[in-house]
Amino acid sequence: MPITATKNHFSSAAALHKFTPSVLCEFLANFPTYMRQHGVELPSPHAATPKNMPYQAICAACMATNIDPDFNRILFFATKLGDANGYAVIQDQMAFRSIRPTMDYRTCSYADIPLLVWLSGRESHSELLEQSYASLNIHSKSAYRYYAPTRDRRKEFKPLNDETRQTLVAELADHFTGDPANLQVKVIEYSYEHEIWYMIRYPGHPIKPDAMTADGKDADASYTPGHYDAVVYHKTYGDLRLNTVRKKDHQRYRISFGHALLDEENAFDPTRQLITLAPLRGECAHLFHDQGPYPRLLPVEISYFDIDQPGLRTTLRAMKKDGDLLRYRPEHRMNSLTPETVDAIQYAKLRYKLDESSAWHNLTIHQGMDLSFERDGDSMLLEEWLRDHGFILNALRA
């Protein structure tokens, strides 16, 4: 499974110099049989230096086609989490799960930290790296589809217990692999005050990389990449939102999570629209003034149909140097973004920043059921603003 793109911290002798020799030796020493099979002779950790490290042999073992699956998994997570962003996510996950660090990681290189975390927690919290990687995935750019509850079942909500989790994982494993006992499918949970996030890991389609063995022959090897979907249940509003690789999996998630959390397979409506752009019709400039505890938001693009121009869609877009569509308001409609004759708004793009020192990011609101967040990590705070200002309807009141 020699996939340089997913294990590039281990793909060359130069890349291995990112690690402190003693840390790398201590980590590799946990796989003695595999190291011996590949002729890797390690110095003792306290005596390891860049000069006596067998970097070429280590690299060959890490990128071999017959690599040990558990070893390979850790190399993958160590690469994905071995930078400043990865360290921040690991810190968050440790705090979230009340795990106390065994050392001051601020004195370590970013590359070392995932290996040290694994070394210190392989018995007490062996899945911390995977939980951190799953969390890192939810900070990537993505789109969510919102599903309204069919009725108010909030009092019937029950967190997953061992039995319901087992049933849920078996249903999802059967859906994704055809085998209810497949261990590649996993549900990772993150519980917050108002929301519960579930990251679902499942295998994708096998891929054959362009790889070769040490003797120059093609390596007839394949690997199965892991995919992650996000399912979020809102305990206050009772709705469900999904961020998935494949749209065709939505029905399975609605049924399985409805049954697991609410004991009702038809708990979420697949057709009812929760996202509306009605707040942007008419006077709306006040929405972007005095935003209190929320991020600073500004409209940068809006697309709509006008009853005076049937069949034609108009899209207004702010120039990049301005970054604010409100600058172009006509004099006779100083508090509006659209003309009085607007028929239907299709989508609107807002930009936001959490504070004056942070960068601007985008949020796209689609009429119907979809929201696109550039950074999922900000979505909970942005959701509060969207709900408070009427962009996300409260299905239990409507």
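Residues numbered from 1 in each chain as written. Predicted model: local features only at pLDDT ≥ 70, side-chain atom pairs only at ≥ 80, totals over all residues. Heavy atoms only, no water.

With respect to the overall build of the protein
Thinking step 1. Within the protein one finds 11 helices and 11 strands.
Thinking step 2. Taking all 398 residues of the protein together, 49% fall into the buried category.
Thinking step 3. In the protein, the proportion of contacts linking residues at least 24 apart, taken out of those at least 6 apart, comes to 67%.
Thinking step 4. Here the protein displays about 20200 Å² of accessible surface, and carbon together with sulfur accounts for 48% of that area. (Helix = DSSP H or I, 4+ residues; strand = E, 2+ residues; numbered from the N terminus. Buried < 20%, exposed > 50% of the residue type's maximum accessible area, 1.4 Å probe, protein only. Contact = heavy atoms within 4.5 Å. Areas by Shrake-Rupley, 256 points an atom, 1.4 Å probe, with all protein chains shown as cover.)

Description of the nonpolar core
Thinking step 1. Counting 87 residues, the largest nonpolar core has Phe10, Leu24, Phe27, Phe71, Leu280, Ile365 and Trp385 as the members making the most contacts within it.
Thinking step 2. With residues up to four places along the chain from it excluded, the contact list for Leu24 reads Phe10, Leu16, Phe19, Met53, Tyr55, Ile58 and Leu115.
Thinking step 3. With 26 residues, the next largest nonpolar core counts Leu160, Ile196, Ala267 and Phe268 among its residues. (Core = buried A, V, L, I, M, F, W, Y, C linked by side-chain atoms within 4.5 Å.)

Concerning the pairing of strand E4 (residues 226-234)
Thinking step 1. Most of E4 sits inside the fold, with 7 of its 9 residues counted as buried.
Thinking step 2. Of the strand pairs in this sheet, strand E3 (residues 195-203) and E4 are connected by 9 bridges, and their pairing is antiparallel. Following the sheet pairing, Tyr198 is matched in E4 by Val231.
Thinking step 3. The sheet contact formed by E4 and strand E5 (residues 240-243) spans 4 bridges and is antiparallel. Of the residues in E5, the one forming a bridge with Tyr233 is Leu240. (Pairing = 2+ DSSP bridges.)

Structural notes on the confidence of the model for the protein
Thinking step 1. Averaged over all residues, the pLDDT of the protein equals 86, while 90% of them reach at least 70.
Thinking step 2. Ranking the helices and strands of the protein by mean pLDDT puts helix H10 (residues 250-262) first, with 97, and helix H8 (residues 128-137) last, with 80.
Thinking step 3. Confidence drops under pLDDT 50 across residues 1-5; counting only partners more than four residues distant or on other chains, this segment forms 17 contacts. (pLDDT = per-residue confidence, 0-100.)

Things to note about H10
Thinking step 1. Under the 1.5 Å per step criterion, the end-to-end length of H10 is 17 Å for 13 residues, consistent within 8% with the ideal 18 Å.
Thinking step 2. Every buried residue of H10 is listed here: His250, Tyr253, Arg254, Ser256, Phe257, Gly258, Ala260, Leu261 and Leu262.
Thinking step 3. For H10, the secondary structure elements touched by its buried residues are strand E1 (142-149), helix H9 (162-177), E3, E4, E5 and strand E6 (268-269).
Thinking step 4. Looking at the residues trailing H10, positive phi occurs at Asp263, about 60°. (Expected span 1.5 Å × (residues − 1).)

Remarks on the packing of aromatic side chains
Thinking step 1. The final tally for this structure, using the stated rule, is 22 aromatic pairs.
Thinking step 2. Pairing Phe76 with Tyr133 gives two aromatic rings, centres 5.2 Å apart and planes at 80°, and the pair type is edge-to-face. You can see Phe76 sitting in helix H5 (residues 69-81) and its partner Tyr133 sitting in helix H8, a full 57 residues away along the chain.
Thinking step 3. For Tyr133, a relative accessible area of 11% gives the class buried.
Thinking step 4. Between Phe288 and Trp385, the ring centres sit 6.1 Å apart and the planes meet at 35°, which makes this aromatic pair tilted. Residue Phe288 is located in the loop between E6 and strand E7 (296-306), and its partner Trp385 is located in helix H11 (residues 379-388); the two are separated by 97 residues in the primary sequence.
Thinking step 5. Residue Phe288 is classed as buried on the basis of its relative accessible area of 6%.
Thinking step 6. Given a relative accessible area of 0%, Trp385 falls into the buried group.
Thinking step 7. An aromatic cluster is defined as three or more aromatic residues linked by ring pairs; in this entry it consists of Phe27, Phe31, Tyr34, Phe71 and Trp118.
Thinking step 8. Stacked on the ring of Tyr147, the Lys or Arg Arg254 has its end atom at 5.0 Å from the ring centre. (Phe/Tyr/Trp six-rings, centres within 6.5 Å; stacked < 30°, edge-to-face > 60°. Lys NZ or Arg CZ within 6 Å of the ring centre and 35° of its normal.)

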